[in-house]
Amino acid sequence: MNTNHIVIKPQRNLFRIPIIEIIRYKDLLYFLVWRDLKVRYKQTILGASWALFQPLVQMVIFSIFFGRLAKIPSENVPYPIFVYSALLPWTFFANSLNACNNSVINNAGLITKIYFPRLIIPLSAIGGGLIDLLLSFLVLLGIMAYYNFSITIHFLMIFPLLIGTIFTAIGIGTLLSALSVAYRDFRHIVPFGIQIWLFATPVIYPPSIVGSRFEFLLNLNPMAGIINGFRSAILNRPFSWDAIGISFLISVIIFMIGVGYFSRVEKKFADII
Amino acid sequence: MNNSEIITITGLSKKYRIGIQEKHDNLREAIASFFSNPIKRINRFRGASDYSKEETIYALKEINLTVKQGEVLGIIGRNGAGKSTLLKILSRITEPTDGEIIIRGRLSSLLEVGTGFHPELTGRENIYLNAAILGMTKNEINEKFDEIVRFSEIRKFLDTPVKRYSSGMYVRLAFSVAAHLEPEILLVDEVLAVGDIGFQKKCLGKMHDVSSGGKTIIFVSHNMAAIENLCTRCIVINDGEITFNGNTDGAIKYYHSQLSETVKPTDLLSEDISRIGDSRIRFKNIAMLNSEEKTSNQIYMGEDVTIKIGLKVNKGIKEPRIAVFFKNQLGQTVFRTFTWEKEKDFSSITNDCEILCKIPNLPLLQGRYYLNIWIGEYNKPSDFIESVLSFDVLGKDVFGTGRQPDQRYGGVVFVEHEWDFL
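Residue indices begin from 1 for each chain and proceed along its sequence in written order. Each chain takes a letter, starting from A, and each ligand takes a number, starting from 1, following the order in which they are written. The model is predicted, so local features are restricted to residues of pLDDT at least 70 and side-chain atom pairs to those at 80 or more, both for listing and for counting; the totals for chains, interfaces and linings are taken over all residues. Excluded from the side-chain calculations are hydrogens and water; all other atoms, namely the structure's heavy atoms, are used.

Caption draft 1: Quick peek at the overall build of chain A. Helix and strand counts for chain A come out as 12 helices and one strand. Reading the secondary structure of chain A in the N-to-C direction produces β-α-α-α-α-α-α-α-α-α-α-α-α. By its C-alpha atoms, chain A is 65 × 50 × 35 Å across when sized along the principal axes. Relative to its 273 residues, chain A shows a buried fraction of 55%. Under the scheme used here, helices are H or I runs from DSSP no shorter than 4 residues and strands are E runs no shorter than 2 residues, and both carry numbers assigned from the N terminus. Each residue gets one of three labels from its accessible area relative to the maximum for its type: buried under 20%, exposed over 50%, partly exposed in between, using a 1.4 Å probe on protein chains only.

Caption draft 2: Summary view of the overall build of chain B. Per the secondary structure count, chain B includes nine helices and 17 strands. By the burial criterion, 50% of the 422 residues in chain B qualify as buried. Method for areas: the Shrake-Rupley scheme with a 1.4 Å probe, in which residue coverage is limited to the protein chains shown. Of the roughly 20,700 Å² of accessible surface on chain B, 50% is carried by carbon and sulfur atoms.

Caption draft 3: Spotlight on the environment of Thr306(B). Residue and element names in this part refer to chain B. Turning to its location among the elements, Thr-306 is positioned in strand 12 (residues 305-313). Residue Thr-306 is classed as buried on the basis of its relative accessible area, which comes to 7%. As for Thr-306 and Ala-287, which are separated by 19 residues in sequence, their C-alpha atoms are 8.3 Å apart. Once residues within four sequence positions are removed from consideration, Thr-306 is found in contact with Ala-287, Met-288, Leu-289, Leu-356, Cys-357 and Lys-358. Two residues qualify as a contact provided that any one of their heavy atoms is within 4.5 Å of a heavy atom in the partner residue.

Caption draft 4: Just the interface of chain A and chain B, in detail. Facing the 45 residues of chain A at the interface are 55 residues of chain B. What makes a salt bridge here is a side-chain nitrogen of Lys or Arg within 4 Å of a carboxyl oxygen of Asp or Glu, nothing more. Applying the counting rule to chain A against chain B returns six salt bridges. Ionic pairing is found between Glu95(B) and Lys268(A), a salt bridge with its closest N-O pair at 3.5 Å. Between N or O atoms, a polar contact is any pair within 3.5 Å; within protein, one atom must be a potential hydrogen donor and the other a potential acceptor, and residues adjacent in sequence are included only when both atoms are from side chains. Scanning the region where chain A abuts chain B turns up 10 residue pairs in polar contact (both at pLDDT 80 or more).

Caption draft 5: Structural view of the confidence of the model for chain B. Residues and elements named next belong to chain B. Mean pLDDT over chain B: 82, with 84% of residues reaching 70 or higher. A residue's pLDDT is simply how confident the predictor is in it, with values from 0 to 100. Looking across chain B, the model is least confident in helix 2 (residues 38-42), with a mean pLDDT of 53, and most confident in helix 4 (residues 123-133), with 93. Note on residues 46-53: pLDDT under 50 across the span, and 11 contacts to partners over four residues away in sequence or across chains. Across the interfaces of the predicted complex, the ipTM metric reaches 0.86, alongside a pTM of 0.73.

Caption draft 6: Focus on the packing of helix 4 (residues 79-106) of chain A against helix 6 (residues 120-146) of chain A. Residues and elements named next belong to chain A. Where helix 4 meets helix 6, the closest approach of the two axes is 8 Å, and the angle between their N-to-C directions is 165°. In terms of axis orientation, helix 4 runs roughly antiparallel to helix 6. The element helix 4 and its partner helix 6 pack so that their crossing is right-handed. Three classes are used, and their members are as follows: Ala, Val, Leu, Ile, Met, Phe, Trp, Tyr, Cys and Pro are nonpolar, Asp, Glu, Lys and Arg are charged, and the others, Gly among them, are polar. Each residue belonging to the contact of helix 4 with helix 6 can be placed in one class, and the counts come to 19 nonpolar, four polar and no charged. Every axis in this analysis is a line fitted to C-alpha atoms, fitted for helices over the stretch in contact. Angles between the N-to-C directions lie between 0 and 180 degrees. Here the word oblique covers every angle except those under 35 degrees (roughly parallel), over 145 (roughly antiparallel) and from 65 to 115 (roughly perpendicular). Handedness of a helix crossing follows the sense of rotation of the near helix relative to the far helix, less than a right angle counterclockwise being left-handed and clockwise being right-handed.

Caption draft 7: Here's a closer look at helix 4 of chain A. Residues and elements named next belong to chain A. Any helix carries an expected span of 1.5 Å times its number of residues minus one. Between its first and last C-alpha, helix 4 extends 38 Å over 28 residues, near the 40 Å set by a 1.5 Å rise per residue. The largest bend along helix 4 measures about 35° and falls at Leu-87, with the proline Pro-89 one to four residues further on. The element helix 4 is extensively covered by neighbouring structure, given that 23 of its 28 residues are classed as buried. We define the bend at any residue as the angle between the axes fitted to the seven residues before and including it, ending there, and the seven starting there.

Caption draft 8: Region of the structure containing the pairing of strand 16 (residues 367-377) of chain B. Summarising burial for strand 16 of chain B: eight of the 11 residues are buried, a large majority. Between strand 16 of chain B and strand 17 (residues 380-394) of chain B, which pair antiparallel in sequence order, lie two residues; one of them, Tyr378(B), sits at a positive phi of approximately 50°. Strands are labelled as partners when DSSP assigns at least two bridges between them.

Caption draft 9: Summary view of the pattern of salt bridges. In total, this model carries 23 salt bridges over all chains according to the counting rule given. In the salt-bridge network here, residues are joined through shared partners; they are Asp278(B), Arg280(B), Glu377(B) and Lys380(B).

Caption draft 10: Looking closely at helix 6 of chain A. End to end, helix 6 of chain A covers 39 Å across 27 residues, agreeing with the expected 39 Å (1.5 Å per residue, within 8%). Immediately beyond the C-terminal end of helix 6 of chain A, within one or two residues, lies Asn148(A), with a positive phi of roughly 60°.

Caption draft 11: Representation of the side chain of Thr94(B) within the structure. Here Thr94(B) is to be found in the loop between helix 3 (83-90) and strand 4 (98-104). In terms of polar contacts, Thr94(B) uses its side chain to reach the side chain of Asp271(A), at 2.9 Å. Those residues within four positions of Thr94(B) in sequence are excluded, and the remaining contacts are Lys267(A), Ala270(A), Asp271(A), Lys14(B), Tyr16(B), Lys88(B) and Ile89(B).

Caption draft 12: Quick look at unusual backbone geometry. Residues and elements named next belong to chain B. Notably, Glu-153 is not glycine yet its phi reads approximately 60°, a positive angle. Even without being glycine, Glu-319 reaches a positive phi, approximately 40°. Mapped onto the elements of the fold, Glu-319 is located in the loop between strand 12 and strand 13 (320-327). For Glu-319, a relative accessible area of 39% gives the class partly exposed.

Caption draft 13: Highlighting the nonpolar core. Nonpolar cores were defined as sets of buried Ala, Val, Leu, Ile, Met, Phe, Trp, Tyr and Cys residues, with membership established by side-chain atoms within 4.5 Å. Formed by 157 residues in total, the largest nonpolar core has its most connected members in Trp90(A), Ile7(B) and Leu90(B). Here this core gets 15 residues from one element, more than from any other, and that element is helix 4 of chain A.

Caption draft 14: Structural context of the sheet that holds strand 15 (residues 353-359) of chain B. Residue and element names in this part refer to chain B. Judged by pairing direction, the sheet is antiparallel, and its three strands sit side by side in the order 10-12-15 without closing on themselves. Since the sheet does not close on itself, it has two edges, and those belong to strand 10 (281-289) and strand 15, each with one partner. In this sheet, adjacent strand axes meet at a mean angle of 20° when their direction is disregarded.

Caption draft 15: Layout of the packing of aromatic side chains. Put simply, two rings from Phe, Tyr or Trp (the six-membered ring, in Trp's case) pair if the centres are within 6.5 Å, and we call them stacked under 30 degrees between planes, edge-to-face over 60, tilted for the rest. Taken as a whole and assessed by the stated rule, the structure comprises 22 aromatic pairs over all chains. Seen in terms of ring centroids, Phe399(B) and Phe414(B) are 6.1 Å apart; in terms of plane orientation they differ by 80°. Their pairing is edge-to-face. In this pair, Phe399(B) is assigned in the segment after strand 17 and Phe414(B) in the segment after strand 17, connecting sequence segments 15 residues apart. Classification of Phe414(B) by relative accessible area gives buried; the value is 8%. In this structure an aromatic cluster arises from ring pairing among Tyr30(A), Phe31(A), Trp34(A), Tyr128(B) and Phe145(B). Counting as a charge over the ring demands two things of the Lys NZ or Arg CZ atom: a distance within 6 Å of the ring centre and an angle within 35 degrees of the ring normal. In this arrangement the basic side chain of Arg231(A) is found over the ring face of Phe82(A), its NZ or CZ atom lying 3.6 Å from the centre. If you follow Lys138(B) out to its NZ or CZ, it ends over the ring of Tyr30(A), 4.1 Å from the centre.

Caption draft 16: Quick look at a negative patch on the surface. Residues and elements named next belong to chain B. The patches reported here contain residues having more than 30% relative accessible area and no salt bridge. Joining distances are 9 Å for like charges and 5 Å for nonpolar side chains (Val, Leu, Ile, Met, Phe, Trp, Tyr). Lys and Arg are tallied as positive, Asp and Glu as negative. Neither His nor the chain termini are counted. We put the charge of a Lys on NZ, of an Arg on CZ, of an Asp on CG and of a Glu on CD. Taken together, the side chains of Glu-62, Asp-98, Asp-239 and Glu-241 define an acidic patch exposed on the protein surface. As for its position among the elements, Asp-98 is in strand 4. A relative accessible area of 43% means that Asp-98 is categorised as partly exposed.

Now the structure itself:
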């Protein structure tokens with residue numbers, strides 16, 4: 001019987017990630033992701049293909065305004081694929097933050113009525129975006145074929161880079177979702193915060209445009225090294241390992257801060273939501 | 001440690017902060033307050049330990065309780081006594097401020113039926129979702145799916161979004177999922193108070209099966225009949241403390257005696273009360289008396305009640321008229337009593353005095369009600385106070401049939417009536 005022994009008392013430890021609990025509730029995580037996807041595309045005609053439109057439309061707009069009109073350099077690569085290869089991870093990242101931001105508040109009904117590891121909620125918000133990302137990769141393959149890019153060994157780097165992206169998204173996402181519970185301001189801050197972040201990340205421009213003096217500053221943004229890494233992986237270009245290394249380090253720090261803060265305050269959610 | 005003790009609660013307390021302090025709804029205030037009082041700020045999420053006593057209330061105070069395996073423990077108490085807080089702590093929704101609970105078994109809690117149901121999803125999809133939320137794994141759900149559908153009796157609508165369900169169907173589906181949980185300990189909060197009578201009986205039966213299978217149930221309810229039927233032991237919680245712990249009959253008697261205890265009369269002359277009128281006569285106090293002429297705000301359906309009103313006369317008025325409005329929780333006036341309609345002449349009121357309004361056989365259904373009181377000359381108000389008093393009407397078998405009239409089937413009042421062939 002002691003296998004199920006639970007002790008409930010005020011939590012005093014500062015940092016605790018309930019990994020075992022999350023594994024035990026993995027089916028709930030699965031069903032919450034599944035619910036969000038189902039609900040998102042219910043009563044829509046185009047269904048899941050909506051997930052493809054956002055990066056595609058952005059690609060077209062950015063190609064016209066930044067590629068054609070502003071003539072932003074794209075390092076000898078056609079601008080549309082240059083920007084799309086970065087928009088893929090960026091769209092996933094931005095949507096994850098948006099989804100996480102409101103996730104805990106939107107699930108107030110669950111939080112005040114039933115126990116489960118609360119981290120499941122922002123995690124499920126990110127999980128839904130991951131499915132959208134997979135679909136967008138299919139479009140990427142089409143665009144790559146169109147511009148005569150082939151898949152090389154570099155493409156494998158996508159997996160570790162994706163993990164870096166997920167770590168950053170979880171870090172910032174959990175932080176935002178917890179903060180939104182106490183301060184509804186974050187619901188307003190996050191959407192334009194993401195827009196500013198887009199311009200602080202080499203999505204529409206190559207990192208070289210910033211100049212070597214500020215490149216270090218750019219790399220403090222964990223998404224900078226990661227996004228540019230994606231581009232290198234997809235377009236078969238050399239990786240800038242320094243930038244990727246710094247980005248990973250920072251994304252791990254952000255992950256620890258976000259998850260740590262979330263785990264510390266999650267016990268109060270039901271009281272203040 | 002005794003092995004059959006499945007739950008051990010020691011020194012459990014839960015404090016809540018109340019009132020105006022430290023509730024920032026926006027960041028600006030939070031930042032401002034951070035700079036004015038950084039330590040308080042940092043502790044905001046960590047608990048209320050830094051707040052003075054005036055700012056906190058104890059929802060639970062030093063609770064000690066053990067529950068043995070196979071017991072069905074009832075918890076009764078007034079609204080706000082701390083029953084639900086106890087269940088929420090036991091089910092790990094909220095954290096205690098102090099004390100410790102040891103739970104030796106798999107615990108499921110049902111604080112609501114249909115937690116997490118999504119209106120856009122079909123019955124089938126909601127079964128999976130809700131069962132996962134209640135802690136079942138995918139395999140367990142697959143195994144029990146057919147049984148759940150059979151129990152719910154809604155197979156035909158399995159692929160219809162639940163937003164098109166009637167409330168009865170919704171509840172059936174939700175309860176069917178919950179009834180198929182297989183925990184060692186089950187916490188239930190008032191959820192049986194839903195659905196039609198036949199289905200309620202089915203659910204009670206299912207719960208009974210659960211308990212005779214050696215499972216432990218903790219059951220919070222206002223439905224004394226259900227408590228009496230199910231529970232082997234019962235505790236009464238009052239103001240966050242366990243004031244009775246023993247057999248079910250004793251607990252129900254104790255609870256009823258407690259309900260009719262004196263309620264403090266509020267001073268209506270206080271500055272804090274918002275009112276309208278020229279104040280020539282003012283309401284001084286008001287109380288509701290139950291059939292035993294004791295002040296109470298817990299009244300049974302069909303009880304003879306008396307409203308006692310104290311008046312302070314500043315300057316007499318001609319032919320004062322007095323009205324008492326009974327409002328339900330939606331703010332609708334269900335009925336009112338009015339001196340003018342009953343041709344009661346109170347023109348003799350020239351000094352402070354007390355008046356009574358007797359209402360035999362109160363026809364209200366269960367729920368919370370509020371009183372507005374009005375006094376004036378013709379239609380000119382001297383004093384008018386809204387929601388001056390609230391009281392709960394408790395269910396009772398007024399027709400002597402064993403079936404309580406219930407608001408859920410419509411209506412706000414019950415009336416005596418007969419059915420027969422022509």
